[in-house]
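# Architecture and fold: a report
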Amino acid sequence: MFPLAYAVVEIESKASWIWFLELLIADLGIQNGLAWVFISDKQKRLIPAMQTVLPNTEHRMCVRHLYNNFRGQHTGLALKHLLWAAARATTLPWWEAEMDNLKKEDADAWGWLIERPAKNWSRSHFATHYKCDLLLNNLCESFNAAIIDARDKPILTCLERIRMYIMIRMANRRASCQHWRYTVGPRIFNIIEKNKLASSQCIPRLAGEKKYQVSQLYGGEFVVDLRAKTCSCRRWDLCGIPCPHAISAIFHRNEDIEDYLDKLYKKDPYLKTYGPIIGPVPSIDQWPRSGLLAIKPPNFKIQPGRPRKVRTKEPGEVEIPAPVPPNPKPPNWKPQPARLRRIFIKIRCKLKKAKLQLLKPRLQLPKPKLMLPKPKLQLPKPKIMLPKPKPNPKLKPKAKLKSFMQISKQGQ
Ligand SMILES: [Zn+2]
């Protein structure tokens with residue numbers, strides 16, 4: 001993240017955006033905007049302002065914000081993966097194939113996405129001369145998170161805190177660059193290492209004049225031109241870092257990858273970028289008095305919802321209330337705050353139930369089939385039958401008679 005410019009405005013309107021952009025154009029010396037690419041969170045008033053001031057500039061929309069709007073109407077993990085696959089596709093045929101897959105999965109979701117111009121959100125439509133393949137606007141969110149404490153302070157304190165933050169940040173970046181182990185930064189080094197590993201699956205074949213046809217083991221033929229620094233997968237063209245196909249061709253020539261890396265990633269341009277320092281400023285009590293009247297603050301009106309201190313929740317997040325305190329409370333008990341948690345979405349396919357049923361067994365563990373046989377050793381029943389006692393005809397009538405006699409005697 002390299003902060004270029006920031007401004008405090010009374011309201012986020014088209015006029016204030018135009019004012020800011022005109023100052024930015026003057027500062028950066030932008031002629032026609034073709035050499036610059038902008039990425040935003042698709043603010044409503046910024047888009048018309050950009051079209052007025054910089055109509056030729058490539059204006060990208062953050063794909064995470066696009067997906068948040070998308071999933072308001074089209075939920076499901078399968079649709080999410082298809083949208084991201086279409087955004088990450090680097091060539092036009094691959095983008096078309098991903099969009100066809102989305103159409104097969106959900107025609108409504110495809111209809112929603114096809115209305116949004118792909119030049120704003122898919123790498124397949126991005127121009128290659130910017131050497132920037134960013135899909136996300138995380139940089140602005142990181143900056144906003146860093147200055148969140150300053151945003152509700154009085155204007156001078158707010159601006160002073162932001163200035164100090166940027167001053168320290170620039171100095172730290174400059175110092176960290178001195179400790180780089182290689183000629184490129186650690187993030188770029190890791191990307192190159194990852195691409196080197198993937199290049200082991202590529203077989204380069206020289207066609208002549210530094211042009212190669214590269215076969216990938218798992219399918220696909222790619223055309224690499226080392227002189228023009230291009231590959232037909234367009235990954236090298238988009239970001240300036242050689243893709244695995246290009247690296248396999250570079251290794252075939254026994255050359256150094258750094259010679260083919262875009263110069264923007266090297267140490268010297270990095271140091272040159274962070275070279276100018278933001279000067280330290282003493283506190284107000286040390287400032288010389290000008291003798292002029294103090295500037296009065298402008299009319300202040302709190303805009304609804306401003307300054308925003310809490311991050312706007314995404315559609316998938318819910319607030320989990322704080323747990324109920326125990327009764328009686330232990331002496332060292334501390335109340336726990338409420339938390340935010342992302343809810344995992346269940347796949348619910350309305351049309352293709354068969355697919356859902358196919359997925360189910362993968363999630364279930366196989367039942368154990370080791371069934372112990374039932375014991376068959378049954379002991380034979382004892383066949384020793386005792387002879388039944390033979391009834392004594394002489395005893396029974398007497399007993400009956402006696403009992404009858406006893407009853408009759410008792411009754412008398
Ligand atoms: Zn490639």
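Throughout, residues of each chain are indexed from 1 in the direction in which the sequence is written. Where totals are concerned, whole chains, interfaces and linings use all residues; where local detail is concerned, this predicted model gives features only for residues with pLDDT of at least 70, and gives and counts side-chain atom pairs only at 80 or more.

## Considerations on the overall build of the protein chain
In this text, helices come from DSSP runs of H or I with a minimum length of four residues, and strands from runs of E with a minimum of two, each type numbered from the N-terminal end. Looking only at helices and strands, the protein chain has 14 helices and 8 strands in total. Each residue is classified by how many other C-beta atoms fall within 10 Å of its C-beta atom, where C-beta atoms are placed from the backbone; a count of 20 or more means buried, 12 or fewer means exposed, and values in between mean partly exposed. Counting all 412 residues of the protein chain, 15% fall into the buried class. Here the contact rule is simple: place C-beta atoms from the backbone, and any two residues whose C-beta atoms are within 7 Å are in contact. Of the contacts made within the protein chain by residues no fewer than 6 positions apart, 55% connect residues no fewer than 24 positions apart.

## Description of the pairing of strand β1 (residues 37–40)
Strand direction decides the pairing type here: β1 and strand β2 (residues 58–61), joined by 4 bridges, are parallel. Looking at the pairing, I39 lines up with R60 of β2. As for the winding sense of the linkage, the β-α-β connection from β1 through helix α2 (residues 46–53) to β2 is right-handed. Here, a strand pair is defined by DSSP locating no fewer than two bridges between the strands. When the strands point away from the viewer, a crossover counts as right-handed if the route from the first strand across the helix to the second turns clockwise.

## Observations regarding the nonpolar core
Among buried residues, those of type Ala, Val, Leu, Ile, Met, Phe, Trp, Tyr and Cys that are joined through C-beta atoms within 7 Å form a set called a nonpolar core. Membership of the largest hydrophobic core comes to 21 residues, with the highest contact counts inside it found for V214, V224, C231, A246 and A249. Elements with a contribution of two residues or more to this core: β4 (211–216), β5 (221–225), α10 (235–239) and α11 (244–252). With 4 residues, the single largest contributor to this core is α11. Not counting chain neighbours up to four residues away, the residues in contact with V214 comprise C202, I203, P204, F222, V224, H245, S248 and A249. If you look at the next biggest cluster of nonpolar residues, it comprises 17 residues, including L79, A87, W95 and L102.

## Here we look at the packing of helix α5 (residues 92–105) against helix α6 (residues 107–114)
To get an axis, fit a line to the C-alpha atoms, keeping to the stretch in contact for a helix; angles then go from 0 to 180 degrees between the N-to-C directions. α6 packs onto α5 with a crossing angle of 140° between their chain directions and a minimal axis gap of 5 Å. Overall, the two elements α5 and α6 adopt an arrangement that is oblique. Packed against α5, whose contacting residues are M99, L102 and K103, the element α6 presents A107, A109, W110, L113 and I114 at the interface. By the convention adopted, Pro, Cys, Tyr, Trp, Phe, Met, Ile, Leu, Val and Ala count as nonpolar, Lys, Arg, Asp and Glu as charged, and the other residues, Gly among them, as polar. Broken down by class, the residue content of the contact of α5 with α6 amounts to 7 nonpolar, no polar and 1 charged. For classification purposes, angles smaller than 35 degrees are called roughly parallel, those larger than 145 roughly antiparallel, those between 65 and 115 roughly perpendicular, and all remaining angles oblique.

## Thoughts on the pairing of β4
With 6 bridges connecting them, strand β3 (residues 202–208) and β4 associate as antiparallel partners. For L206, the partnering residue across the bridge sits in β4 and is Y212. Here β3 folds back onto β4, and the loop between the two strands holds 2 residues, one of which, E209, carries a positive phi near 55°. With 5 bridges connecting them, β4 and β5 associate as antiparallel partners. Bridging across to β5, Y212 finds its partner in V224. Between the antiparallel neighbours β4 and β5 lie 4 residues, among them G219 with a positive phi of about 105°.

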